[in-house]
Amino acid sequence: MTTSASSLTAHEREVLAGVPTDLLINGQWRPATGNGTVGVEDPATGLELARVADATPQDAMAALDAAHAGQAAMAELSPRQRSTILQRAADLITEHTEELALLMTLELGKPLAESRGEVAYGASFFWWFSGEAVRFKGEFKQSADGAGRTLVSRQPVGPSLFITPWNFPLAMGARKLAPAIAAGCTSIVKPAKLTPLTMLKLGQLLQEAGLPDGALNIITAASAGSTTGPLIEDRRLKKLSFTGSTEVGQKLVEAAAPNLLRVSMELGGNAPLIVFDDADLDVAVEGAYQAKMRNGGEACTSANRILVQSGIADAFIERFTAKMAAVKVGRGTEEGVGLGSMVDQDQVDKIAELVDDATAKGAKVACGGTRVGTTGHFYAATVLTDVPDDARLLQEEIFGPVAPIRVFEEESAAVDEANATEYGLIAYVFTQDLARGHRVAAALESGMVGLNRGVISSADAPFGGVKHSGYGREGGAEGIEEYLETKYLSMPA
């Protein structure tokens, strides 16, 4: 359903008017070859918000031409110059918080409060890597045999391609761009077709922060493969970073193999959240809610399976269900809304299909379990209990506000069930026994663990997973390593 443009407020129209909708190539905003465009929808109303350029393969290659041509100048910027650009970017993002937050809410659907949180999170990467830019590691030493000297230095990898997802349109780009800029790499960003507006605005702000022409290129397109495929095949591209589904990630790794392209993958998740009998109930309920409902559940870090020990199960389920049932559903711009729309109808259909599968096999609906309204893409906050072993949502990523709860008896059983998945991005543990917390965290097959915390993402920590959740790390001191090559120079003593 498409609503008339009058459904937008004057302020919303003003903010949208300030967003560039062309391609950013070599410092210039330009239409796509052939002037093709693709629409961007408000998922809460069905309203078309804007039309952005639909890049062609020729446009993609022009972006790579610019990134390749600009690499030498980018690498020649001093660490302090790159740090200053990053600091300016962090300041500009912060100054434009309300504008960026509204854009995210309009094109993604989540509540404004969450969008503001994402703006702060995204800005924190530019702040963090402004410090890392001046802390490159190196080494100078006598060789082991005494016959020479060894100099080890770090250099930027070179032109990098970033394919970012729709669910965090600012933060996922920031997590890649900030370390790339700190390392001295040029980049090409292909944002998701569902939520490109925030990235286009971020590109405008990064230009204002002082990035040289060609250092950042942004291509929007209806079809990712037609634009990113030729780039990955070109030997001038040196790095690929992707955030998205495991299925797409596997295909990208295959495509990158012929050129041995340096690759980092942040892929799907199936996060277990374990609540032990000795957990603080208040902390566990609030932590589980945060881990489940951040971004409306449309997050790879979302708690996909909640495992509760039998002694605390009844009390936890009662409290958690009441909290979920109280969530106000509506357009993210409305006051008091805690759950906005899902990103599109396909996402709602997938959530409904998984819930229907679980209930058909015996799961009970404690709250929710239904679509909401007839306009927009809404699904109620949902709690399922008595979820059977063969329910699909125990193995598939839900990506929505649905919390399946399972009850366990022994610690070992919880760990075994938590690890019974091909994914290994993040897990959560709630217990007041510190020894148990460390023991279980060590046994869990995941790249990250939250102990008595439902949200752990931070710019100063390495984000990433194991198994089919990918490889490589974003954030922390480790994040810049993805964009640096090590060079060894040997010389006479």
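Just so we're clear, the structure is a prediction, and the values are computed from it rather than from any experiment.

1. A closer look at the overall build of the chain
Scanning the chain from N- to C-terminus turns up 14 helices and 24 strands. Dimensions of the chain along its principal axes, counting C-alpha atoms only, are 70 × 65 × 40 Å. The buried share among the 493 residues of the chain stands at 57%. A separation threshold of at least 6 residues defines the contact pool for the chain, and within that pool the share at least 24 residues apart is 73%. Of the roughly 18,900 Å² that the chain leaves accessible, carbon and sulfur atoms contribute 51%. For the chain, the distance from the average site of its 43 positive side-chain charges to the average site of its 62 negative ones is 5 Å.

2. Things to note about the nonpolar core
In this structure, Phe126, Leu177 and Leu197 are the most contacted members of the largest nonpolar core, which totals 65 residues. Counting residues per element, this core draws most heavily on helix H6 (residues 171-183), which supplies nine residues. Those residues in contact with phenylalanine 126 that lie beyond four places of it in its chain are Leu86, Ala89, Ala90, Ile93, Ala174, Leu177, Ala178, Ile181, Leu202 and Leu206. Counting 50 residues, the second-largest nonpolar core is a separate cluster that includes Leu273, Cys300, Leu339 and Leu393.

3. Focus on the packing of helix H13 (residues 411-419) against helix H14 (residues 434-443)
With their axes 10 Å apart at the nearest point, H13 and H14 run at an angle of 35° to one another. Along this stretch, H13 crosses H14, giving a crossing that reads as right-handed. Counting all contacts with H13, which are made through Glu411, Val415 and Asn419, the residues of H14 involved are Arg436, Arg439, Val440 and Ala443. A per-class count over the contact of H13 with H14 returns three nonpolar, one polar and three charged.

4. Here's the deal with the side chain of glutamate 482
For glutamate 482, the location among the structural elements is in the loop between strand E23 (470-471) and strand E24 (484-492). Dropping the residues within four chain positions of it, glutamate 482 is found in contact with Val157, Lys239, Arg262, Ser264, Gly472 and Arg473.

5. Description of the sheet that holds E24
Spatially, the three strands line up as an open sheet ordered E5-E6-E24, and their pairing is antiparallel. The open sheet has two free edges, formed respectively by strand E5 (139-142) and E24, since each of these has just one partner strand. Taking the axes of each pair of neighbouring strands and ignoring which way they run, one obtains an average angle of 20° across the sheet. Note that strand E6 (residues 148-156) and E24 share nine bridges and pair antiparallel.

6. Observations regarding the pattern of salt bridges
Enumeration according to the criterion identifies 30 salt bridges in this entry. Of the charged contacts, one joins arginine 406 and aspartate 389 as a salt bridge, the two residues approaching to 2.6 Å between their closest N and O atoms. Placement of arginine 406 in strand E18 (residues 402-408) and of aspartate 389 in the loop between strand E17 (382-385) and E18 is noted, with a sequence separation of 17 residues between them. Given a relative accessible area of 16%, arginine 406 falls into the buried group. For arginine 439, the salt bridge identified is with glutamate 411, shortest N-O distance 2.8 Å. Of this pair, arginine 439 sits in helix H14 while glutamate 411 is found in helix H13, placing the two residues 28 residues apart along the sequence.

7. Observations concerning the confidence of the model for the chain
Confidence in the prediction for the chain averages 96 pLDDT; 99% of positions are at 70 or higher. Ignoring residues within four places in sequence, the model shows residues 1-5, a span with pLDDT below 50, making 12 contacts including any to other chains.

8. Some words on H13
For H13, the set of buried residues is Glu411, Ala414, Val415, Glu417, Ala418 and Asn419. Packed against the buried residues of H13 are strand E12 (271-275), strand E13 (303-309), E18, H14 and strand E22 (466-467).

9. Section: the sheet that holds E17
Strand order in the open sheet made by the seven strands is E14-E17-E18-E13-E12-E20-E21, with mixed pairing throughout. This sheet does not close on itself; its edge strands, each paired only once, are strand E14 (364-367) and strand E21 (448-451). Averaged over all pairs of adjacent strands, the angle between their axes in this sheet comes to 25°, without regard to strand direction. Two elements, E14 and E17, share three bridges in a ladder whose sense is antiparallel. The partner of valine 365 across the bridge, within E17, is leucine 384. Contacts from helix H12 (residues 345-360) reach E14, E17 and E18 within the one sheet, and its direction differs from that of E17 by about 25°. The strands that H13 touches are E12, E13 and E18; relative to E13, the one it contacts most, it runs at about 170°.

About the criteria used
- Residues numbered from 1 in each chain as written.
- Predicted model: local features only at pLDDT ≥ 70, side-chain atom pairs only at ≥ 80, totals over all residues.
- Heavy atoms only, no water.
- Helix = DSSP H or I, 4+ residues; strand = E, 2+ residues; numbered from the N terminus.
- Buried < 20%, exposed > 50% of the residue type's maximum accessible area, 1.4 Å probe, protein only.
- Contact = heavy atoms within 4.5 Å.
- Areas by Shrake-Rupley, 256 points an atom, 1.4 Å probe, with all protein chains shown as cover.
- Lys, Arg positive; Asp, Glu negative; His and termini not counted.
- Charge placed at Lys NZ, Arg CZ, Asp CG, Glu CD.
- Core = buried A, V, L, I, M, F, W, Y, C linked by side-chain atoms within 4.5 Å.
- Axes fitted to C-alpha atoms, helices over the stretch in contact; angles between N-to-C directions.
- Left-handed = near helix turned anticlockwise from the far one by under 90°.
- Nonpolar A, V, L, I, M, F, W, Y, C, P; charged D, E, K, R; others polar.
- Pairing = 2+ DSSP bridges.
- Salt bridge = Lys/Arg side-chain N within 4 Å of Asp/Glu carboxyl O.
- pLDDT = per-residue confidence, 0-100.

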